[in-house]
Structure formats: structure tokens, C-alpha cells
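Fold and geometry: a report
The primary structure of each chain is shown beneath.
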Amino acid sequence: MAHEFRNETDRQRYALYVDGELVSVLDHRENADAVAFPHTYTVPAHRGHGYAAELVEYAVADVETRTDKRIVPMCWFVGKWFDEHPEKASLLSRTAAD
């Protein structure tokens, strides 16, 4: 199964496609200082395979390597991901992105 991650900036989301089919999305909002992740969604038929966690990991890595912005985990799932990855805590911010 081929996994393709995309930052679909025109839709303000990261997306994960498996074999060409959209399976999970992570919305993002950016301002000058931060990137907020307000919502994560996985297509119901594809839940339980860890796709959302893979997508969050990709998005966090993208923000970390592409910018010097901090991440605001507004979505409970993203907050849980950071709880499970304390080594990434330095990327967190409490200031919401516009």
C-alpha cells in the first residue's frame, strides 16, 4: 500500500492518501508565529489503522523542518499525540494561530 502525504495549502490541510484514496486529513491555520492544528479526521472505513497518527507525525516534522513556528494543538488527537511524544514538546505553543 502506497502512502502519500501532502500539504494541501490551498485547503489549509495536510492529507494522507493510501493507494490514491484520501484516508485522513489534518487541518492547519498559520500566522506569523504559530501553526494551529484544529481538527483531525479519518474516513470511518479507514479508522483503526494509525493513519491519523502517521499524518500528525508527518505534519509536525514538516512544520519543524520548514519553519521556525510553534504548534498549537487545538485538536484533542494532536494533543494526545504530543503527550505520547514528549521529545517534541519544544515545538509547542500556547498562542493560537489566526
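Look up: the structure comes first, before these words.
Below, the structure is looked at part by part. Given the structure is predicted, the values throughout are model-derived calculations rather than measurements. (Residues numbered from 1 in each chain as written. Predicted model: local features only at pLDDT ≥ 70, side-chain atom pairs only at ≥ 80, totals over all residues. Heavy atoms only, no water.)

Let us now look at the packing of aromatic side chains. For the structure shown, the criterion picks out five aromatic pairs. Feature note: the residues Phe-5, Tyr-14, Phe-37 and Tyr-58 constitute an aromatic cluster, connected by ring pairs. Note that Arg-6 overlies the ring of Tyr-17, its terminal NZ or CZ placed 3.9 Å from the centroid. (Phe/Tyr/Trp six-rings, centres within 6.5 Å; stacked < 30°, edge-to-face > 60°. Lys NZ or Arg CZ within 6 Å of the ring centre and 35° of its normal.)

Moving on: the nonpolar core. Judged by nonpolar contacts, the single largest core of 21 residues is most densely connected at Tyr-14, Leu-26, Phe-37, Val-56, Val-60, Ile-71 and Val-78. Where this core is concerned, the elements lending two or more residues are β2 (13-18), β3 (21-30), β4 (34-42), α1 (51-66) and α2 (76-84). Residue contributions to this core peak at seven residues, all from α1. In contact with Ile-71, not counting residues within four places along its chain, are Val-35, Phe-37, Val-60, Val-63, Phe-82, Leu-91, Leu-92 and Ser-93. (Core = buried A, V, L, I, M, F, W, Y, C linked by side-chain atoms within 4.5 Å. Buried < 20%, exposed > 50% of the residue type's maximum accessible area, 1.4 Å probe, protein only. Helix = DSSP H or I, 4+ residues; strand = E, 2+ residues; numbered from the N terminus. Contact = heavy atoms within 4.5 Å.)

Here we come to the side chain of Arg-13. As for its position among the elements, Arg-13 is in strand β2. Take Arg-13: its relative accessible area is 12%, and that puts it in the buried class. Within polar-contact distance, the side chain of Arg-13 engages the side chain of Glu-8 at 2.5 Å. The contact partners of Arg-13, leaving out residues within four places of it in the chain, are Arg-6, Asn-7, Glu-8, Leu-22, Val-25, Leu-26, Asp-27 and His-28. (Polar contact = N/O pair within 3.5 Å; in protein donor to acceptor, adjacent residues only side chain to side chain.)

This part takes up the pattern of salt bridges. By the definition in use, this model includes eight salt bridges. A salt bridge links Glu-8 to Arg-13, with the nearest nitrogen and oxygen atoms 2.5 Å apart. One salt bridge in this structure joins Lys-69 and Glu-30, with 3.0 Å as the shortest N-O distance. With Lys-69 in the loop between α1 and β5 (70-72) and Glu-30 in strand β3, this pair connects stretches of sequence that are 39 residues apart. Through salt bridges with shared partners, one network takes in Glu-4, Arg-6, Glu-8 and Arg-13. (Salt bridge = Lys/Arg side-chain N within 4 Å of Asp/Glu carboxyl O.)

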